[in-house]
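Report on the structure
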Amino acid sequence: MSNNTIDARLLRQMFLAGAKNLELNKEWINDLNVFPVPDGDTGTNMTLTILSAVKEVQNLSEVTMETLSKAISSGSLRGARGNSGVILSQLFRGFTKELKTLELLDRPAAARALQRATETAYKAVMKPKEGTILTVARGISDKAAELAEEEGDMESFLEQLISHGEYVLSCTPDMLPVLKQAGVVDSGGQGLIQVLKGTYDGLLGKEIEAPQAVEQKPTAEEKASAGAASADLGDIKFGYCTEFIINLEKEFPLEEEHSFKAYLESIGDSIVVVADDEIVKVHVHTNDPGLAIQKALTYGSLSRMKIDNMREEHEEKLIREASRVAAEEKVKEQAAAEAAKASEPRKEAGFVAVSIGDGLAEIFRGLNVDYIIEGGQTMNPSTEDMLQAVDHVNADTVYIFPNNKNIILAAEQAAHLVIDKQIIVVPSTTVPQGITGVISYSPSRTPEENREVMIEEMKRVKTGQVTYAVRNTTIDDRPIHEGDIMGIGDHSSLLAVGSDIASVTQDMLEAMVNEESELISIYYGADITEEDAEKMQMAVETSYPDCDVEVHYGGQPIYYYIVSVE
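Residues numbered from 1 in each chain as written. Predicted model: local features only at pLDDT ≥ 70, side-chain atom pairs only at ≥ 80, totals over all residues. Heavy atoms only, no water.

Relative to strand β8 (residues 422-425), strand β7 (residues 395-401) is paired through four bridges, and the arrangement is parallel. Its bridge partner being in β8, Thr-397 is matched across the sheet by Gln-422. Regarding topology, helix α17 (residues 408-417) serves as the crossover connection from β7 to the parallel β8, and that connection is right-handed. (Pairing = 2+ DSSP bridges. Helix = DSSP H or I, 4+ residues; strand = E, 2+ residues; numbered from the N terminus. Right-handed = clockwise from strand over helix to strand, strands pointing away.)

Structure below.
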């Protein structure tokens, strides 16, 4: 049976089907990212964004165009992650603005809504770039305007929009040379097409399983504990999952924490050490739990001891236990943050920074950053995450440092939703830029003046990041093979490729350092030992005797080294 119009209930069914199809294809969309780094995120960001709206839609008690429009717009707006997610939320926002006063959606109304969606998304991006999701959205809305007055049902209308959208998507490599060189189409545009394909299935009444409304973001503790669970049990190197709490009986400074972690690394892996003023939560996989326990007893008494033989237990048990521990830690952290917020007087300025890795977080805290949002390349925080962070900072003006180009739009979107504080988004694209920006703050300047000075100072910072490739590709005419080590510079430029972490880092620095360089800062990640970091420091000092070289523990995953040159 054909449909010439769509009512609210059918549109709800179509939206949920679109979300499900995006969710089913998110990993494929992630793989379309130009850089073959192990944190492909477009599909994940778009999926988490739409699932936030799904939650609102599924909670509706009364489904009308007005309530449905509000649920889709509000849910996606607050749940938006990454540039692709923010743009998707703006497409939904524009589309639903046109819908909320209607009872039925026909071809002309759909064309107007799609046009408004495109206009809203373009306005949300300061410098729109063609060959992206925006181009695909505009091609679809232009085609809708062409078809609006033609006779026909909504099935053929949507079918033609998808066909034309796929054509525009196929042209994106001709608009962005980097796509053509990598042999991929735009990942955000592909995500939008998958949403439309799902809505078409929903329109036809195909049986589609409802998408999950919430996808939890794993914490660092959960990732570490779950790491062994994802491996083949027959390949486990360290057989005993050992956990306990140290009830501290003496001071446990950061230096001692690093020393304790280093000891645990010498006897095992999957190390998690979470400390506060009174207790230390410890997790380690080892073949000799007694060694870990004996060392821990030098700091205080132990409680909640738990030792599991991983070779005999199902991997799901480890994941559940990791989730329980992570939940307990999160509750404790949130309670402490709330208590601190309630007891502090409101101050003139506060700071929020996005970062990942306990070392980098400690550096930001040392610079008086009030709230650290866990995220970055591996998991872009949402607009809602930004809003919650701002709410925790008791200040008249709050500066947000996204520290990633893919998080800036979400931060700016959050800034527009805050009414009781002045929000200043400082567009830092890397952690070293964020550190420089925070240091550049002066209470004698106005918020706007501070932002200008921070941006100018950040321009002096060059950043390089060392990671590994997850697939074969070609970038800047240089072949890259799965497993290669890559040095990536500002603006996603490929600075070095090789098979050795140390040599690639040196090659990357050679491309970054010039006669004006004075300071080289090296932040080593979770997979680099302190000994290797010290060797790197000596090598860099030898290569660049005129520069000061600093080495800091970052603890970041995926990126072996983050390096800045000033």
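Attention shifts here to a positive patch on the surface. Among the surface-exposed residues, Arg-93, Lys-97, Lys-100 and Lys-123 lie close enough to one another that they form a single positively charged patch. Note that Lys-100 resides in the loop between α5 (82-99) and α6 (107-124). (Patch = residues over 30% accessible without salt bridge, like charges linked within 9 Å, V, L, I, M, F, W, Y side chains within 5 Å. Areas by Shrake-Rupley, 256 points an atom, 1.4 Å probe, with all protein chains shown as cover. Salt bridge = Lys/Arg side-chain N within 4 Å of Asp/Glu carboxyl O. Lys, Arg positive; Asp, Glu negative; His and termini not counted. Charge placed at Lys NZ, Arg CZ, Asp CG, Glu CD.)

Here we come to a negative patch on the surface. On the surface, Glu-515, Glu-516, Glu-518, Asp-548 and Glu-550 cluster together into a negatively charged patch. Of note, Asp-548 is situated in strand β15 (residues 548-553). Asp-548 sits in the exposed class, given a relative accessible area of 55%. (Buried < 20%, exposed > 50% of the residue type's maximum accessible area, 1.4 Å probe, protein only.)

Our focus in this paragraph is the sheet that holds β15. Read from one edge to the other, the open sheet built from six strands follows the order β13-β12-β9-β16-β14-β15, with strand pairing classed as mixed. In this open sheet, the two strands that pair with only one neighbour each are β13 (494-498) and β15. In this sheet, neighbouring strand axes are inclined to one another by 15 degrees on average, regardless of whether the strands run parallel or antiparallel. Where strand β14 (residues 519-524) lies against β15, six bridges are found, and the strand directions are parallel. Counterpart to Tyr-523 in the pairing with β15 is His-552. (Axes fitted to C-alpha atoms, helices over the stretch in contact; angles between N-to-C directions.)

Glancing now at the packing of helix α20 (residues 501-512) against helix α21 (residues 530-543). At their nearest, the axes of α20 and α21 sit 11 Å apart, and the two run at 35 degrees to each other. By crossing handedness, the relation of α20 to α21 is classed as right-handed. On the side of α20, the interface is formed by Ala-502, Thr-505, Gln-506 and Leu-509, while α21 contributes Met-536, Ala-539, Val-540 and Ser-543. When the residues that make up the contact of α20 with α21 are grouped by side-chain class, the tally is five nonpolar, three polar and no charged. (Left-handed = near helix turned anticlockwise from the far one by under 90°. Contact = heavy atoms within 4.5 Å. Nonpolar A, V, L, I, M, F, W, Y, C, P; charged D, E, K, R; others polar.)

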